[in-house]
Amino acid sequence: MNIDPEASFEGHRPVMLDETMEWLNIESERWYIDANLGGGGHAREILNRGGKVLAIDRDQRAVTEFRDAAETLYPGRFIAILGNNADLGEIAGKEGITPSGILFDLGWSSIQGEDPERGLSFSEEGPLDMRLDIREDDRAEDFLERFSEEEFVDLFSEVDEPLARPIARALVQARRQGRLPRTTLKLASFVSGVYYRKGFRRSRRHPATRVFMALRIRVNKEYENLARALAGSLDLLKDRGGRLLVLTFHSGEDRIVKRTFREWTQSGTAEYLFRKSLQPDREEIRRNPRARSARLRGVRFGRE
Ligand SMILES: C[S@@+](CC[C@H](N)C(=O)[O-])C[C@H]1O[C@@H](n2cnc3c(N)ncnc32)[C@H](O)[C@@H]1O
């Protein structure tokens, strides 16, 4: 029995499902790495199309739920590993798998976003944690406790936060006075307060969007992991060939992928599958507003 991957998941709809499958070019009985298992939407579709899947996620819940759901439906056709996709080379080596394609779907899933305990959302009260992997040492709160004004400025500037300096200054001052915000809603209203004082009265997105994003990227070392994961993918695919697809959700991570793909294509190591990034169509964005910032990039190695 096949399950419709869009219909079967409460919480997280796989983004650009048709496009990712088409460009991965799923062939039956070949192995594919889903480096961001999440709610399992992409992984299931690879399985439905006859491929085999090595799935990785750093969130225990994502891995356990996928194993439980997929074990009876796709026995012997998948392996789900709790781990960091930055280590995908070692993970694939240990499992003895040579992939024909690798898919990244970066960031966090709606399932994680809706769990107030993780503190990822500024619309629900929760602790300032933000770790996708609870074995990680530092929570968002730990950075708020110890960063200097300059470190805050750098952190927020990386995500193009226009009020990086005033927010940094306000945080350091609040800490000195013992009034550092300690929950998601308090941090969100703290940042809104800075915006208000600077004369911003209305904006399309919540003023705390970028601050939350910057903290989450830092807590989960997202840029370092992405750079390592791309290098690991290169090692896995460069000699035997295969396709690499990456879905990004903000300009910081997209820049890293774009630059890396440019280097590989200029040196003749890889070829673009498509030159410009692809975006979801209007209909998908209507059904799934979270998809609106998605960009898909893809390269291939070797001849097919
Ligand atoms: C956007 S979701 C993936 C959704 C999934 N493709 C689907 O269709 O349901 C991103 C997932 O990647 C995981 N993740 C983030 N960084 C990771 C990393 N460095 N290594 C492994 N998993 C990671 C998150 O825990 C989250 O479950």
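Per-chain numbering applies: the sequence of each chain, read as written, is numbered from 1 onward. For this predicted model, a pLDDT threshold of at least 70 governs which residues receive local features, and a threshold of 80 or more governs which side-chain atom pairs are given and counted, while totals over whole chains, interfaces and linings are taken from all residues. No hydrogens and no water enter the side-chain calculation; it runs on all heavy atoms of the structure.

Draft legend 1. Focus on the pairing of strand β5 (residues 242–248). Each residue is placed in one exposure class: buried if its accessible area under a 1.4 Å probe, protein chains only, is under 20% of its type's maximum, exposed if it is over 50%, and partly exposed if it falls in between. Helix and strand definitions follow DSSP, with helices as H or I runs of at least four residues and strands as E runs of at least two, each counted in order from the N terminus. With 7 of its 7 residues buried, β5 lies for the most part within the structure. Burial along β5 is two-sided: Gly242, Leu244, Val246 and Thr248 and Arg243, Leu245 and Leu247, pointing in opposite directions, are all buried. Each pair of strands is called paired provided DSSP finds at least two bridges between the two strands. Where strand β4 (residues 101–105) and β5 come together, 5 bridges link them in parallel fashion. Within the sheet, the bridge partner assigned to Ile102 lies in β5 and is Leu244.

Draft legend 2. Expanded view of the domain arrangement of the chain. As used throughout, domain bounds are those supplied by an automatic or database domain assignment. According to the domain assignment, the chain consists of domain 1 (17–111 + 222–301) and domain 2 (137–219). Once you take the C-alpha centre of each, domain 1 and domain 2 turn out to be 31 Å apart. Across the contact, 7 residues belong to domain 1 and 5 residues belong to domain 2. Throughout, buried area stands for the accessible area (probe radius 1.4 Å) lost by two parts on being put together, summed over both. Of the roughly 610 Å² buried at the junction of domain 1 and domain 2 (both faces included), carbon and sulfur atoms supply 43%. Per-residue buried area on domain 1 facing domain 2 is highest for Glu222, Tyr223 and His250; these three make up 67% of the total on that side. Here a salt bridge means any side-chain nitrogen of Lys or Arg lying within 4 Å of a carboxyl oxygen belonging to Asp or Glu. The interface formed by domain 1 and domain 2 includes 1 salt bridge. The residue Glu222 makes a salt bridge to Arg216 at a minimum N-O spacing of 2.9 Å. Polar contacts here mean pairs of N or O atoms no more than 3.5 Å apart (in protein, one a potential hydrogen donor and the other a potential acceptor; neighbouring residues in sequence count only if both atoms are side-chain atoms). There are 2 residue pairs in polar contact (both at pLDDT 80 or more) connecting domain 1 and domain 2. The contact criterion used throughout is that any non-hydrogen atoms of two residues lie within 4.5 Å.

Draft legend 3. A look at the sheet that holds strand β1 (residues 31–34). Overall, mixed pairing links the 7 strands, which are arranged β3-β2-β1-β4-β5-β7-β6 in an open sheet. Pairing within the sheet leaves two strands with one partner each, and these edge strands are β3 (78–82) and β6 (271–272). Strand contacts of helix α2 (residues 41–48): β1, β2 (52–57), β3, β4 and β5, with the helix running at about 170° to β2, the strand carrying the most contacts. The axes used here are C-alpha line fits, helices contributing only the stretch in contact, and every angle between their N-to-C directions lies in the interval 0 to 180 degrees. Of the strands in this sheet, β2 and β3 touch helix α3 (residues 60–70), which is tilted by about 160° from β3.

Draft legend 4. Summary view of the site of the ligand. Residues in close proximity to the ligand total 24 residues, the closest being His42, Asp57, Asn85, Asp105 and Gln112. A distance of 2.7 Å separates an oxygen atom of the ligand from a polar atom in the side chain of Asp57. Here an oxygen atom of the ligand sits 2.8 Å away from a polar atom, N or O, in the side chain of Gln112. Its free accessible area being 610 Å², the ligand has 97% of it covered by the protein chains. In terms of residue class, the shell around the ligand is built from 6 nonpolar, 14 polar and 4 charged. Definition of nearness: a residue and a molecule or strand are near each other if at least one heavy atom of the residue lies within 4 Å of the molecule or strand. With residues, only the protein chains shown are counted as cover, and all accessible areas are computed by Shrake-Rupley using a 1.4 Å probe. By the convention adopted, Pro, Cys, Tyr, Trp, Phe, Met, Ile, Leu, Val and Ala count as nonpolar, Lys, Arg, Asp and Glu as charged, and the other residues, Gly among them, as polar.

Draft legend 5. The arrangement of the side chain of Asp133 in detail. When you line up the elements, Asp133 lands in the loop between α5 (110–113) and α6 (140–146). By relative accessible area, which is 9% here, Asp133 ends up buried. Of the polar contacts made by the side chain of Asp133, one reaches the backbone nitrogen of Arg135; its length is 2.8 Å. Here Asp133 is in contact with Arg58 and Asn220, once residues within four sequence places are set aside.

Draft legend 6. A negative patch on the surface, seen in detail. Together, Glu151, Asp154, Glu158 and Glu224 make up a negatively charged patch on the protein surface. With respect to the helices, strands and loops of the structure, Glu151 is situated in helix α7 (residues 149–157). What makes a patch is a set of residues exposed beyond 30% relative accessible area and free of salt bridges, joined within 9 Å when like-charged and within 5 Å when nonpolar (Val, Leu, Ile, Met, Phe, Trp, Tyr). Residues scored as positive are Lys and Arg, those scored as negative are Asp and Glu, and His as well as the terminal groups of each chain are ignored. Here the site of a charge means atom NZ of a Lys, CZ of an Arg, CG of an Asp or CD of a Glu.

Draft legend 7. How the structure looks around unusual backbone geometry. A positive phi angle, near 50°, is found at Met16, a position not held by glycine. Within the secondary structure layout, Met16 lies in the segment before α1 (17–24). Classification of Met16 as buried rests on a relative accessible area of 0%. At Lys221, a position not held by glycine, the phi torsion is positive, near 45°. When you line up the elements, Lys221 lands in the loop between α10 (209–219) and α11 (222–237).

Draft legend 8. Fine view of the pattern of salt bridges. Applying the stated criterion across every chain, the model contains 26 salt bridges. In this structure, the salt-bridge partner of Arg135 is Asp133, at a minimum N-O distance of 2.9 Å. One salt-bridge network, in which partners are shared between bridges, spans Arg139, Glu141, Asp142, Glu145 and Arg182.

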